[in-house]
Amino acid sequence: MKSVIFARLSLAAAMAFALSSCTTTQAEFRKDPARVTKSALCRTFITNTDLAFTQDLTGELARRRIDPIECVNMVQQENQAAAAVVAVALVGTAIAVCANNDCGGGYYPNYPGNCQYEWQRDAAGNRCGRRSASSKPGGW
């Protein structure tokens, strides 16, 4: 079970790392701008703070006929998709941990002898009948 938890947390970390590393350096870009993927180009364009490099990136976007607004939308969608994958992995991990450690419990109140309804049987095996919580005034 610990390997499943480790695998899910590793997936979440890998997704976060993958998104953060989906940019390109100036050296890689200047070496061959055509080899830079659209995603890396857009991500670099959005996160870059160097004005001269921004002009080069804008020129490459224009050459490929990519609208900068399209870049913003694409990066947002990629981030949302990655966040959804991470959330699913984390929720799955939490569920697996709780399933193995009996955490949580039900949301029903605890009734003496397990008598919530008349048709149930208590811990001794006797029918609850009028002793049930639902039979009492204000009961369920």
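Residues numbered from 1 in each chain as written. Predicted model: local features only at pLDDT ≥ 70, side-chain atom pairs only at ≥ 80, totals over all residues. Heavy atoms only, no water.

### Describing the confidence of the model for the protein
Condition: Confidence of the predictor at the level of single residues is captured by pLDDT, which takes values from 0 to 100. To qualify as a helix, a DSSP run of H or I must reach at least 4 residues; to qualify as a strand, a run of E must reach at least 2; elements of each kind are numbered from the N terminus.
In the predicted model, the protein carries a mean pLDDT of 79, and the fraction of residues at 70 or more is 74%. Put simply, helix α1 (residues 2–20) is where the protein has its lowest mean pLDDT, 60, and helix α4 (residues 51–63) is where it has its highest, 93.

### Regarding the nonpolar core
The condition that has to hold: Each nonpolar core is a collection of buried residues, namely Ala, Val, Leu, Ile, Met, Phe, Trp, Tyr and Cys, held together in the definition by side-chain atoms within 4.5 Å. Think of it in three bands: residues with accessible area under 20% of the maximum for their type are buried, residues over 50% are exposed, and the middle band is partly exposed, with areas taken using a 1.4 Å probe on protein chains only. Contacts are assigned to residue pairs that have any heavy atoms within 4.5 Å of one another.
Of all hydrophobic cores here, the largest spans 13 residues; its most connected members are Phe29, Leu41, Cys42, Leu57 and Leu61. Listing elements by their share of this core, those giving two or more residues are α3 (38–47), α4 and α5 (68–101). Looking at this core element by element, the count peaks at four residues for α3. Residue contacts for Leu57: discarding those within four places in its chain leaves Phe29, Leu41, Thr44, Phe45 and Asn48.

### As for the packing of α3 against α4
Quick reminder of the rule: Between N-to-C directions, angles span 0 to 180 degrees; the directions come from axes that are lines fitted to C-alpha atoms, helices contributing only their stretch in contact. Helix crossings are classified by the rotation of the near helix relative to the far one: an anticlockwise turn of less than a right angle makes the crossing left-handed, while a clockwise turn makes it right-handed. Each residue gets one label: Ala, Val, Leu, Ile, Met, Phe, Trp, Tyr, Cys and Pro are nonpolar, Asp, Glu, Lys and Arg are charged, and the others, such as Gly, are polar.
The interhelical angle for the contact between α3 and α4, taken along N-to-C directions, is 145°, at an axis separation of 10 Å. Considering how the two elements wind past one another, α3 and α4 form a crossing that is left-handed. On the side of α3, the interface is formed by Leu41, Cys42, Thr44 and Phe45, while α4 contributes Phe53, Thr54, Leu57, Thr58, Glu60 and Leu61. Of the residues in the contact of α3 with α4, the class split is six nonpolar, three polar and one charged.

### Describing unusual backbone geometry
Its identity as a non-glycine residue notwithstanding, Arg65 has a phi of 60°, on the positive side. Here Arg65 shows up in the loop between α4 and α5.

### Quick notes on the side chain of Thr44
Operational definition: Two N or O atoms form a polar contact when they lie within 3.5 Å of each other; inside protein one atom must be a possible hydrogen donor and the other a possible acceptor, and for residues adjacent in sequence the pair counts only when both atoms belong to side chains.
Assignment of secondary structure puts Thr44 in helix α3. What makes Thr44 buried here is its relative accessible area of 4%. At a separation of 2.8 Å, a polar atom in the side chain of Thr44 contacts the main-chain amide nitrogen of Thr24. Leaving out residues up to four positions away in the same chain, Thr44 has contacts with Thr23, Thr24, Phe53 and Leu57.

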